[in-house]
2 protein chains.
Amino acid sequence: MRQSQLFTKTRKEVPSDETSKNAQLLIRAGFIHKEMAGVYDYLPLGLRVINKIKKIVNDEMINLGSQEMLMSSLQSKELWEKTDRWDDKNVDVWFKSQLKSGGEIGFGWSHEEPITSMLASHISSYTDLPKFVHQFQNKFRNEVRAKAGIMRCREFIMKDMYSYSIDEKNHIDFYDKATEAYLNVFKKVGLSDLTYVTSASGGVFTDKFSHEFQTLCEAGEDNIYVHKKEKLALNEEIFNEETLGKLNVKKEDFELKKAAEVGNIFTFGTEKCEQLGLYYKDENGNKKGVYLGSYGIGITRLMGVLAEVFGDDKGLVWPKEVAPFEVHLVRLGVNEETISHADKLYEKLNGEGIEVLYDDRNLRPGEKFADSDLIGIPVRFVVSDKTVSENKIEVKMRTESESKLLSETEALNIIK
Amino acid sequence: MRQSQLFTKTRKEVPSDETSKNAQLLIRAGFIHKEMAGVYDYLPLGLRVINKIKKIVNDEMINLGSQEMLMSSLQSKELWEKTDRWDDKNVDVWFKSQLKSGGEIGFGWSHEEPITSMLASHISSYTDLPKFVHQFQNKFRNEVRAKAGIMRCREFIMKDMYSYSIDEKNHIDFYDKATEAYLNVFKKVGLSDLTYVTSASGGVFTDKFSHEFQTLCEAGEDNIYVHKKEKLALNEEIFNEETLGKLNVKKEDFELKKAAEVGNIFTFGTEKCEQLGLYYKDENGNKKGVYLGSYGIGITRLMGVLAEVFGDDKGLVWPKEVAPFEVHLVRLGVNEETISHADKLYEKLNGEGIEVLYDDRNLRPGEKFADSDLIGIPVRFVVSDKTVSENKIEVKMRTESESKLLSETEALNIIK
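Basis of the calculations
Residues numbered from 1 in each chain as written. Chains lettered and ligands numbered in written order. Predicted model: local features only at pLDDT ≥ 70, side-chain atom pairs only at ≥ 80, totals over all residues. Heavy atoms only, no water. Domains from an automatic or database assignment. Buried area = accessible area lost by both parts, 1.4 Å probe. Salt bridge = Lys/Arg side-chain N within 4 Å of Asp/Glu carboxyl O. Polar contact = N/O pair within 3.5 Å; in protein donor to acceptor, adjacent residues only side chain to side chain. Helix = DSSP H or I, 4+ residues; strand = E, 2+ residues; numbered from the N terminus. Nonpolar A, V, L, I, M, F, W, Y, C, P; charged D, E, K, R; others polar. Least-squares fit on C-alpha atoms with pLDDT ≥ 70 in both. Contact = heavy atoms within 4.5 Å. Pairing = 2+ DSSP bridges. Axes fitted to C-alpha atoms, helices over the stretch in contact; angles between N-to-C directions. Buried < 20%, exposed > 50% of the residue type's maximum accessible area, 1.4 Å probe, protein only.

Draft legend 1. Seen up close, the domain arrangement of chain A. Residues and elements named next belong to chain A. You can read the domains of chain A as domain 1 (21–310) and domain 2 (325–415). Computed over C-alpha atoms only, the centres of domain 1 and domain 2 are separated by 40 Å. Summed over both sides, the interface between domain 1 and domain 2 buries roughly 580 Å², with carbon and sulfur atoms accounting for 65% of that surface. Three residues stand out in domain 1 for area buried against domain 2, namely Leu45, Arg48 and Lys52, and they jointly supply 59% of the buried area on that side. At the boundary of domain 1 and domain 2, one finds 2 salt bridges. Close ionic contact of Glu355 with Arg48 constitutes a salt bridge, the shortest N to O distance being 3.6 Å. Where domain 1 meets domain 2, there are 1 residue pair in polar contact (both at pLDDT 80 or more). Contributing elements (two or more residues each) for the side of domain 1 that touches domain 2: helix 1 (21–28) and helix 2 (44–63). Sorting elements by how many residues they give to the side of domain 1 that touches domain 2 places helix 2 first, with 3 residues. A breakdown of the residues in the side of domain 1 that touches domain 2 according to their chemical character gives 4 nonpolar, no polar and 3 charged.

Listed below in structure tokens is the structure:
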């Protein structure tokens, strides 16, 4: 895409009402726009990052055998009353509204209830199990405070997956596979080294069995104890002699760190399905409860964490796999030969299916470099009068400070 | 995909609370699930159709030079008060709710206001224009009545595009190009012959200039007068002597028909941008108003219209371009050679990038054919003991009643 056509503009000044690093950088670079506290629009560059993250997550879910679908946001009061999660005393993040035709509705903050209820129309026998379903969906949460940029929003995109299994063993088997898939996701988006799996229950299976995926991040809301050597982390509530003894590790090898929860997985046992009328008949015709697991990744939150963790004093720094474009082609100079060279390179990159943002604007080099650093595309190609005369391209990685003069073939090899 | 893995099941009985043909067929075939009146979930087959329609629409929008983005659903009261569209007296479809932190918010039923307001941060000069942006977004409309299945929903997916132009001439030029793009969309989804462009203003340009795209459909809510020979349609309100005289057509050549609005385009002149503070400076530094156009296609409604228009007494009939799969491979018989043949054909089709639903279930032929007709994939391949012995495939189009015995090569050519 030609940058002259992109409707967003970068800005130097930090928005006065925005204290979080992720939102400051993303707004300045034109990735997002703030509608109100905790509510953001995703502009073309931002939407491209979201779509990259969604693709990575979706591939892992499909690989687990999950089927994609899309539930409504509008939720019926009657359904959530069945599990006692309608009342504001039990769930304090509902947005509720009145139907013109009468009655109250809510806006989905999670989807265990409607999905389980819907599946009761499709699952009735042991031969129908297991089933795994997922969606990418807007969640609405009426947060009292929302000040961590896109890391804690009142409206956000979530991937939520649900597993329906025949018994505890099958449930745990899938739960373990899902844990691996989640780790693959965080590896692919570049957060492998910083992301830990923690458990609130210390590893004992209960109906409340759960794990969190925590990424070390100063802006995170959680505190975890990290054992870097063992790649082990413990939640505050289970960081005690008993747990340490069980794991055979020493207290002094742990560091207290700030972390952001980028994913969570948990089990509902058979209770939720029973409350909502989802049963199956086993081989002997006996009616049995279905084991439900729930697996979430906040897509927009993950984008925020990436901005927090990798962003530097010059701007955003996107890992290759989620960058809005693969290459930022920056043209300097306005003489015809240089323009023609840059145009041709742009066409060539497009022709090879490489995603390229082409800065074809007539601005001063300093402004163009500052914008390029702020937007944070991993690889920068500069075409200038000088590079054209030497028949080279000046190549710089966003994470490095030095550039190199390379031939076109060498430059293209860097991307592939 | 193997049908044995698909979590949805077809059903013979029509849902008792559903009177519309589109929802009856889509529910029976497992494409959608009803949460409440006017609120549906999109199950795997349904989501595939939606994604196909979105792709067709998106390609046309990108081709017009529009940039995709994604606005929030949550809307600020203050913003919509600026244009006097917050009060329920002026807009009667708002869902509104209270923020826990205080204050009222609404859920977006359209997005002219926030998009225009957001663009005021990015557009300030004549060199920034024109700009075109679009999104695929969930709209919420608090309809008093919702009984046309997915053709009139309280929550639905819409493609909305907005054009920002420098003056009336440029606005109209783009408006005309958008009209062509819309006609391309309806052609690609198979509705070309049935879709008419109508205008409420009879072709005179005003700030309320608008056109509707109406598809002939018994379940539609609108009445239009159609002149089939001239491929011309007129809204009821302008079907009078004056308009007929201007167009030089005879009243008796028109038929009154039921139609569903599948798209609409309209202009706001410069008023909306002025209300929201979006101006540009021209070459002489004079402050000027921006022309706003708004262009909608209801994605889920379009899916409903396709079900209404093409569905027959046996089930859904999808045009090739929007079908959830290209081929329905139906295996009959359970002997090993037949299974092996069908499995191999399934792998081969997958290998060639052909989207195939493989009915590998052990059910009676009658049940499998009934399901196949209900789901409505355009091409059916049957592999049975008989076809294997003759080294053929039995091929039937959903729109034809007779099947043909073809060689594998001939069968594959039908798809390509």
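Draft legend 2. Just the relation of the copies chain B and chain A, in detail. Between chain B and chain A, the superposition needs a rotation of 180° and an axial shift of 0.0 Å, giving an RMSD of 0.0 Å. Taken together, the rotation and translation describe the operation of a two-fold axis. In terms of proximity to the rotation axis, the leading residue of chain B is B:Ser97, whose C-alpha is 2.7 Å off the axis. A share of 100% of interface residues in chain B that are also interface residues in chain A marks the association as one of identical surfaces.

Draft legend 3. Spotlight on the pairing of strand 11 (residues 222–227) of chain A. Residues and elements named next belong to chain A. Taken together, the 5 bridges between strand 11 and strand 13 (residues 255–269) define a ladder with antiparallel strand orientation. Among the inter-strand pairings, Asp222 is bridged to a residue of strand 13, identified as Ala259. Where strand 11 folds back onto strand 12 (residues 232–235) in an antiparallel hairpin, the turn is made up of 4 residues, including Lys231, whose phi is positive at roughly 50°.

Draft legend 4. Structural context of the interface of chain B and chain A. Tallying the contact residues gives 56 residues for chain B and 56 residues for chain A. Counting the surface lost from both chain B and chain A, the interface buries some 4800 Å², and carbon and sulfur atoms represent 61% of this. For chain B, the biggest contributors to the area lost against chain A are B:Phe7, B:Lys100 and B:His122; these three give 16% of the whole. Seen at the junction of chain B and chain A, the total is 2 salt bridges. When grouped by side-chain class, the residues that make up the side of chain B that touches chain A number 27 nonpolar, 17 polar and 12 charged.

Draft legend 5. Layout of the sheet that holds strand 4 (residues 74–76) of chain B. All names here are of chain B. Spatially, 4-6-5 is the arrangement adopted by the 3 strands of the open sheet, whose pairing is antiparallel. Edge strands, defined here as strands with exactly one partner in the open sheet, are strand 4 and strand 5 (95–98). For this sheet, the mean inter-axis angle between neighbouring strands, taken without regard to orientation, is 40°. Both strand 4 and strand 6 (residues 104–107) contribute to a ladder of 3 bridges, which runs antiparallel. Opposite Gln75, over in strand 6, you have Gly106 as the bridge partner.

Draft legend 6. How the structure looks around the pattern of salt bridges. A complete count under the given rule lists 59 salt bridges over all chains for this structure. A salt bridge links A:Asp173 to A:Lys169, with the nearest nitrogen and oxygen atoms 2.7 Å apart. Within this pair, A:Asp173 and its partner A:Lys169 are both found in helix 5 (residues 168–188), separated by 4 residues, close to a single helical turn. A:Asp173 gets classed as partly exposed once you look at its relative accessible area, which sits at 37%. When its relative accessible area of 56% is taken as the criterion, A:Lys169 is described as exposed. A salt bridge links B:Lys96 to B:Asp88; the shortest N-O distance between them is 2.8 Å. B:Lys96 sits in the buried class, given a relative accessible area of 16%. What you see here is one network of salt bridges that share partners, running through A:Arg85, A:Glu112, A:Glu113 and A:Lys272.

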